[in-house]
Amino acid sequence: MTVTTPALDSRTAALLVMDYQPAILASLPGPADPEALLSRVAGAIADMRAHGAAVAYVRVGFTEADWAAIPPANRTFSFLGRQRLMHHADPATEIHHRLAPEPGDIVVRKTRFGAFSTTDLDRRLRDRGITTLVVAGVTTSGAVLSTVTDAADRDYRLHILSDGVADPDPQAHQALMTGVFPRLAHIVDTAELRALLHQGHPDRAETGGA
């Protein structure tokens, strides 16, 4: 059965840009081409802005108190705490300059994989009437997986940018994109996102939007 991807209503949609930080981008293998990835996501941001949609940024970063509060049972994050990695003030944990937030954007700092569990992102999205999320992020098996499953449980309509997510493990990335995420979200690329935005607001296409 063919599933038709619905047009995007920019009034109730937000692009979620997750973990596009130099320290995390550096973990991607050569074939992932971070520069091309950044260019595609920058284009998606521009398209969403041109149609009046919200843009929300999520970055991971820790304070001394955050590190101290991580229990030993958390295998991934207790290691970060012991090694004092990803300090929130380290330039390598800032949002990449090519995707820099603008006034009015949502920006949150998290201390776990998912975008919601350690932030007020859900409340801030709801306050703006956001019901649809377009997800771009690094990594597919970390931030994207955790956030998408949580967002699905919170009843958001979800789109995942197939060319706006990446992972150090190509096999894990492929398994998620083909076997897991299609059950939770519409899988689109950046060109399809642009088309969905135009379908939702065809007048914008005629007046120079995106």
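Thresholds applied
Residues numbered from 1 in each chain as written. Predicted model: local features only at pLDDT ≥ 70, side-chain atom pairs only at ≥ 80, totals over all residues. Heavy atoms only, no water. Core = buried A, V, L, I, M, F, W, Y, C linked by side-chain atoms within 4.5 Å. Buried < 20%, exposed > 50% of the residue type's maximum accessible area, 1.4 Å probe, protein only. Helix = DSSP H or I, 4+ residues; strand = E, 2+ residues; numbered from the N terminus. Pairing = 2+ DSSP bridges. Axes fitted to C-alpha atoms, helices over the stretch in contact; angles between N-to-C directions. Contact = heavy atoms within 4.5 Å. Phe/Tyr/Trp six-rings, centres within 6.5 Å; stacked < 30°, edge-to-face > 60°. Parallel < 35°, antiparallel > 145°, perpendicular 65-115°, else oblique.

Draft legend 1. The nonpolar core, seen in detail. Membership of the largest hydrophobic core comes to 35 residues, with the highest contact counts inside it found for Val17, Tyr20, Met48 and Leu99. Ranked by the residues each element gives to this core, the list is headed by helix H2 (residues 34–50), at six residues. Judged by nonpolar contacts, the second largest core, of 27 residues, contains Ala14, Ala54, Ala151 and Ala185.

Draft legend 2. Representation of the sheet that holds strand S1 (residues 13–18). Spatial strand order, S3-S2-S1-S4-S5-S6: six strands in an open sheet with parallel pairing. The outermost strands of the open sheet, each flanked by one partner alone, are strand S3 (106–110) and strand S6 (186–188). The average undirected angle you get between the axes of adjacent strands in this sheet is 25°. Bridge analysis of strand S2 (residues 54–60) against S3 gives five bridges, and the strand direction is parallel. Residue pairing for S3: Val60 is matched across the bridge by Lys110. Helix-sheet contacts for helix H7 (residues 170–180) involve strand S5 (157–166) and S6, and the interaxial angle to S5 is about 150°.

Draft legend 3. View of the packing of aromatic side chains. Considering all chains together, one arrives at three aromatic pairs under this definition. Seen from their ring centres, Phe77 and Phe113 are 4.9 Å apart, and the 75° between their planes marks the pair as edge-to-face. Here Phe77, found in helix H4 (residues 75–83), pairs with Phe113, found in the loop between S3 and helix H5 (121–127); they are 36 residues apart in sequence, far enough to count as distant. A relative accessible area of 4% means that Phe77 is categorised as buried. Aromatic pair Phe116 and Tyr156: ring centres 5.9 Å apart, planes at 20°, arrangement stacked. Of this pair, Phe116 sits in the loop between S3 and H5 while Tyr156 sits in the loop between helix H6 (140–153) and S5, and the two are 40 residues apart along the sequence.

Draft legend 4. Fine view of the packing of H2 against helix H8 (residues 190–200). Running from N to C, H2 and H8 cross one another at 5°; their axes reach a closest spacing of 10 Å. Judged by the inter-axis angle, H2 sits roughly parallel to H8. Counted together, Arg40, Ala44, Asp47 and Met48 of H2 and Thr190, Leu193, Arg194 and Leu197 of H8 form the full contact between these two elements.

Draft legend 5. Seen up close, unusual backbone geometry. Omega for the peptide link from Val138 to Thr139 comes to 10°, which places this bond in the cis form. Following the sequence through the fold, Thr139 ends up in the loop between strand S4 (132–138) and H6. Here Arg84, not a glycine, exhibits a phi torsion of approximately 55°, which is positive. Residue position: Arg84 is located in the loop between H4 and S3. Located in the positive-phi region is Asp155, a residue other than glycine, with phi close to 70°. Its location among the elements puts Asp155 in the loop between H6 and S5.

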